[in-house]
Amino acid sequence: MKRSAKIGSAIAGAAVLVALGIAVPTAFHRSTATTPSKAAGSASTAGPVTITLGTWGGAQENQQLLQIINKINKKYKGKFVIKDYNVPGGNYDQKLNTEFAAGTAPDIFYVDDSLAQTYASEGVLLDLTQYINEFKSKSLVANPSNYYSNTLVDVRYNGHYYALPWIAQPVVMYYNPKLFQQAHLPMPSPNWTWQDFMRDAKKLTNPSKGVYGYLQSNGWPPVEMYIWSYGGDIYNASKTKALLNTPADIKGLTLMADMVKEGVVPPLAKLANVDIEDLFRQGRVAMFAGGAADGNYDTNGFTAKIQQMPMGTTHATDLYIADLAINAHSKVPKEDLYLAYTALLEGIDHWKIVPPVKQYAANLQDIVVPGAPGNHTPSDRIQPILESLKYGKVIPVVKNMANYWNIMSNDIYQPLLLGQMTPQQAAAKAEQDLNANLK
């Protein structure tokens, strides 16, 4: 599940380097199989148009995407050819900004949902109004009314759409049924509460054997989920004021502090330089909050199950979203861009867990999932995933998001997980710093 602290746009800074004639690093890796014969963002004068696509997937994921691209290219042979420009790892956003500044950004590209409005405000994303008007009756993916409404929060700017999501992955609770059985505990139910969770976590914890009921690190799972589950929020509706020091927020923070107090999570020091998800797969953590697409099929001695996250006063979970956008300055004819954009959204929505289009999500069991039993999501996982998708929320996007992540780490996670502050003290400090960050 892709999650990283975003520093905001670096377009302006990269533009200064370009203007001064200072070399900037080449951004997008062109794989041998898909190297275009011309620069990104240009239209061919003879033969099919080349349309460049910027992506961030790793090697295995990118190979799967290339299969989708090859099918699209075959369908539109003679009209256009999509070429994949891939940047694996955590450098994608920085390199995309460099390409924007140099005027060589891909024609179509992945966008982290938290950056969509920033890019729209800077004029680098194409306003999709014309596209939607022309294609919404031709394809499900072109009609915003077909999407889960909570997946469209950050792709609108000044009332217009500038991107559309291609994945909406809610956080769910993975659990080890073998450990639950050994502890004579009932399996988690759809409406289990944090009280149920804490009761189970205590019984599942056995430090002498190196087994803990749950895992909480500095930053994952996101504390926002706990706050939301008690009806709290980080900011007011207009995102002009932080609200962390409220009774509902304090309940969410107290929940995380109690995990440490009751000893149901590994000490923070034990998580240094550790793949935290491996602790679950190895049977050393009984419950782990992870993305619905994470799978965790390669477990050691047990078959992982999933359930919705526990409730406080309401259901709540984190929702990871990634978007697809069109370069506002692409020289490719709009007709070809729109066709390619539609084909890519349709292809990815039949590949990724979970499609943000309701009609495609309803057929989740049909999507091929390499590594899963029978190469499909197990039937008992479908309902928890789809229910979680309905109420999942994105972490609010504000200016200076890098500062937001740092404040949450330094003022909330670190002091609560180390027992250095009370929830009330941490909330007061974080609220003050978050408000200062908004100025």
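Just above sits the structure.
Structural notes, computed from the coordinates. (Residues numbered from 1 in each chain as written. Predicted model: local features only at pLDDT ≥ 70, side-chain atom pairs only at ≥ 80, totals over all residues. Heavy atoms only, no water.)

## Examining the packing of helix α2 (residues 59-75) against helix α11 (residues 334-349)
When two helices pack together, their arrangement is given by the angle between their axes and by how far apart the axes lie.
Consideration 1: Put simply, α2 and α11 touch, their axes get as near as 10 Å, and they point 135° apart. Put simply, α2 runs oblique to α11. Considering only the axes of α2 and α11, their crossing is right-handed. Contact residues: L65, I68, I69 and I72 in α2; A343, L344, G347 and I348 in α11.
Consideration 2: Taken together, the residues that form the contact of α2 with α11 break down as seven nonpolar, one polar and no charged. (Axes fitted to C-alpha atoms, helices over the stretch in contact; angles between N-to-C directions. Helix = DSSP H or I, 4+ residues; strand = E, 2+ residues; numbered from the N terminus. Parallel < 35°, antiparallel > 145°, perpendicular 65-115°, else oblique. Left-handed = near helix turned anticlockwise from the far one by under 90°. Contact = heavy atoms within 4.5 Å. Nonpolar A, V, L, I, M, F, W, Y, C, P; charged D, E, K, R; others polar.)

## Section: the nonpolar core
Among soluble globular proteins, nonpolar side chains are generally buried collectively.
Consideration 1: Formed by 84 residues in total, the largest nonpolar core has its most connected members in F197, Y214, Y226, M259, M287, I412 and L434.
Consideration 2: The leading source of residues in this core is helix α14 (residues 401-417), at eight residues.
Consideration 3: Discounting residues that sit within four places of it in the chain, F197 has contacts with M173, W192, Y214, M259, M287 and P310.
Consideration 4: Membership of the second largest hydrophobic core comes to 61 residues, among which are W56, L126, L128 and L345. (Core = buried A, V, L, I, M, F, W, Y, C linked by side-chain atoms within 4.5 Å. Buried < 20%, exposed > 50% of the residue type's maximum accessible area, 1.4 Å probe, protein only.)

## Digging into the pairing of strand β10 (residues 319-326)
Note on strand geometry: in a regular strand, side chains alternate between the two faces of the sheet.
Consideration 1: Along β10, eight of the eight residues are buried, which leaves the element largely enclosed by surrounding structure.
Consideration 2: The two faces of β10 match: L319, I321, D323 and A325 on one face and Y320, A322, L324 and I326 on the other face are all buried.
Consideration 3: Pairing geometry for strand β4 (residues 108-112) and β10, over five bridges, is antiparallel. If you follow F109 over to β10, its bridge partner there is A325.
Consideration 4: Summarising the sheet, strand β7 (residues 164-175) and β10 pair through six bridges and their orientation is antiparallel. (Pairing = 2+ DSSP bridges.)

## Regarding the environment of S330
Consideration 1: Summarising the element assignment, S330 is placed in the loop between β10 and α11.
Consideration 2: Remark: the alpha-carbon pair of S330 and G103, spanning 227 residues in sequence, is separated by 9.1 Å.
Consideration 3: Within the local environment of S330, its side chain forms a polar contact with the side chain of D107, the two groups lying 2.8 Å apart.
Consideration 4: For S330, the side chain forms a polar contact with the main-chain nitrogen of V332, separated by 3.1 Å. (Polar contact = N/O pair within 3.5 Å; in protein donor to acceptor, adjacent residues only side chain to side chain.)

## A word on the packing of α14 against helix α15 (residues 423-438)
Consideration 1: At their nearest, the axes of α14 and α15 sit 9 Å apart, and the two run at 170° to each other. It follows that α14 is roughly antiparallel to α15 by the angle criterion. Of the residues in α15, those in contact with N403, Y404, I407, M408, D411, I412 and L416 of α14 are P423, A426, A427, K429, A430, D433, L434 and N437.

## A look at the pattern of salt bridges
Consideration 1: Applying the stated criterion to the full structure yields 13 salt bridges.
Consideration 2: Two residues, K202 and E262, come together in a salt bridge whose shortest N-O distance is 3.7 Å. Taken together, the residues K202 in helix α7 (residues 194-204) and E262 in the loop between α9 (247-261) and α10 (276-281) connect sequence positions 60 residues apart.
Consideration 3: On the basis of relative accessibility, which here comes to 39%, the residue E262 falls in the partly exposed class. (Salt bridge = Lys/Arg side-chain N within 4 Å of Asp/Glu carboxyl O.)

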